[in-house]
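Close look at the chain arrangement
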Amino acid sequence: MINTLLFDLDGTLLPMDQEEFIKLYFKGLYVKFHDTFDYDLLSKSIWAGTAAMVANTGELTNEEVFWNVFTKQMNVKKEDVEDSFTNFYKNEFSIAKGATEANHEIIDCIHRLKQEGYTIVAATNPLFPRVATENRLKWAGFDPGDFELITTYENSSYCKPNLNYYKEILAKLNKQPEECLMAGNDNQEDMCAEQLGIRGHLIDNCLINRENAPITCTWRGDWTAFIRWCRENL
């Protein structure tokens with residue numbers, strides 16, 4: 001019996017144009033740091049740190065992996081620059097909100113599920129610090145307190161589509177796969193959870209499906225269909 005719902009954030013709880021989001025994100029980085037760092041080196045170092053997190057095998061948190069790579073590439077010390085990046089995520093990062101939109105039907109659905117006693121998880125790929133993830137949840141119209149767990153680079157040691165990312169969530173919540181449903185817009189990163197026995201619902205408003213791969217998840221539909229499914233089945 002399903003009692004726990006995992007929701008992806010970017011493109012799911014927070015509808016967005018992903019390419020525009022990334023463009024605006026890096027525009028914000030330029031505004032913040034172009035007088036401080038070589039911007040090309042900064043961009044390359046962020047992408048290198050991100051790639052290292054995606055490849056993380058669990059010995060360190062994603063946060064530790066990111067900063068190990070980033071500081072080496074940038075030739076800086078974490079303690080000298082971390083506060084500036086936290087400040088960026090509190091301020092200039094908000095420019096990326098322009099690529100997103102809140103949806104009141106989504107907000108109402110999550111709040112109803114929470115009120116009915118379901119455990120709700122923001123199962124976003126943990127490539128960002130908590131401050132950035134909480135801001136994106138707020139852009140989507142949520143309070144971070146709406147979620148039992150929010151995956152961030154501080155509390156995660158794997159990334160999607162590594163199945164250990166989902167195993168880590170199950171362990172934190174003390175849940176079995178059959179108790180959970182994963183809802184997300186990415187056929188590869190979100191629906192891979194089905195390999196563990198977590199049933200998947202592909203929400204295809206902002207569908208990501210690399211190389212037109214076959215879609216074999218348990219359920220598929222837009223947000224309207226998902227909300228109807230929840231009313232009929234949960």
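Above this note sits the structure.
Residues numbered from 1 in each chain as written. Predicted model: local features only at pLDDT ≥ 70, side-chain atom pairs only at ≥ 80, totals over all residues. Heavy atoms only, no water.

When helices and strands are counted, the protein shows eight helices and six strands. The C-alpha atoms of the protein give 18 Å as radius of gyration, which agrees with the globular expectation for 234 residues (17 Å, within 12%). Expressed along its principal axes, the backbone C-alpha trace of the protein runs to roughly 55 × 35 × 35 Å. Burial statistics for the protein: of 234 residues in total, 52% are counted as buried. The long-range share in the protein, meaning contacts at least 24 apart out of those at least 6 apart in sequence, stands at 66%. Here the protein displays about 11,100 Å² of accessible surface, and carbon together with sulfur accounts for 45% of that area. (Helix = DSSP H or I, 4+ residues; strand = E, 2+ residues; numbered from the N terminus. Rg over C-alpha atoms; globule rule 2.2 N^0.38 Å. Buried < 20%, exposed > 50% of the residue type's maximum accessible area, 1.4 Å probe, protein only. Contact = heavy atoms within 4.5 Å. Areas by Shrake-Rupley, 256 points an atom, 1.4 Å probe, with all protein chains shown as cover.)

With that out of the way, let us pick up helix α4 (residues 78-90). Over its 13 residues, α4 runs 18 Å from end to end, which matches the ideal 18 Å to within 8%, given 1.5 Å per residue. Tucked into the core, α4 has its buried residues touching α1 (18-33), α2 (39-54), α3 (62-74) and α6 (130-139). (Expected span 1.5 Å × (residues − 1).)

Here we come to the layout of surface pockets. Estimates place the volume of the largest pocket at around 820 Å³. Taken together, 38 residues form the lining of the largest pocket, with D10, T50, N125, L127 and F128 sitting closest to its centre. Looking at the lining of the largest pocket, the elements that each hand over two or more residues are α1, α2, α3, α4 and α6. Top contributing element to the lining of the largest pocket by residue count: α2, with six residues. Looking at the lining of the largest pocket residue by residue, the classes come out as 20 nonpolar, six polar and twelve charged. (1 Å grid on protein atoms, 1.4 Å probe; cavity = no way out; pocket = protein on both sides within 12 Å on 5 of 7 lines; lining within 4 Å. Points joined across faces, edges and corners; volume = space filled by probe spheres on them. Nonpolar A, V, L, I, M, F, W, Y, C, P; charged D, E, K, R; others polar.)

With 56 residues, the main nonpolar core has F7, L13, F93 and F226 as its most contacted residues. Counting residues per element, this core draws most heavily on α1, at six residues. Ignoring anything within four residues of it in the chain, the contact list for F93 reads F21, Y25, F88, F128, A132, R136 and W139. With 15 residues, the next largest nonpolar core counts A123, Y166, L170 and C180 among its residues. (Core = buried A, V, L, I, M, F, W, Y, C linked by side-chain atoms within 4.5 Å.)

Within the open sheet, the six strands sit side by side as β3-β2-β1-β4-β5-β6. Their pairing is parallel. The open sheet has two edge strands, β3 (149-150) and β6 (219-221), and neither has a second partner. (Pairing = 2+ DSSP bridges.)

Another point: the packing of α2 against α3. Between two packed helices, both the angle of their axes relative to each other and the distance between the axes serve to describe the pair. For the pair α2 and α3, the least separation of the axes is 8 Å and the interaxial angle reads 150°. On the basis of their axis angle, the class for α2 and α3 is roughly antiparallel. Handedness of the crossing formed by α2 with α3: right-handed. Listed contacts from α3 to L41, L42, S45, I46, A48, G49, T50, A52 and M53 of α2 are N62, V65, F66, V69, F70, Q73 and M74. Among the residues forming the contact of α2 with α3, the class breakdown is eleven nonpolar, five polar and no charged. (Axes fitted to C-alpha atoms, helices over the stretch in contact; angles between N-to-C directions. Parallel < 35°, antiparallel > 145°, perpendicular 65-115°, else oblique. Left-handed = near helix turned anticlockwise from the far one by under 90°.)

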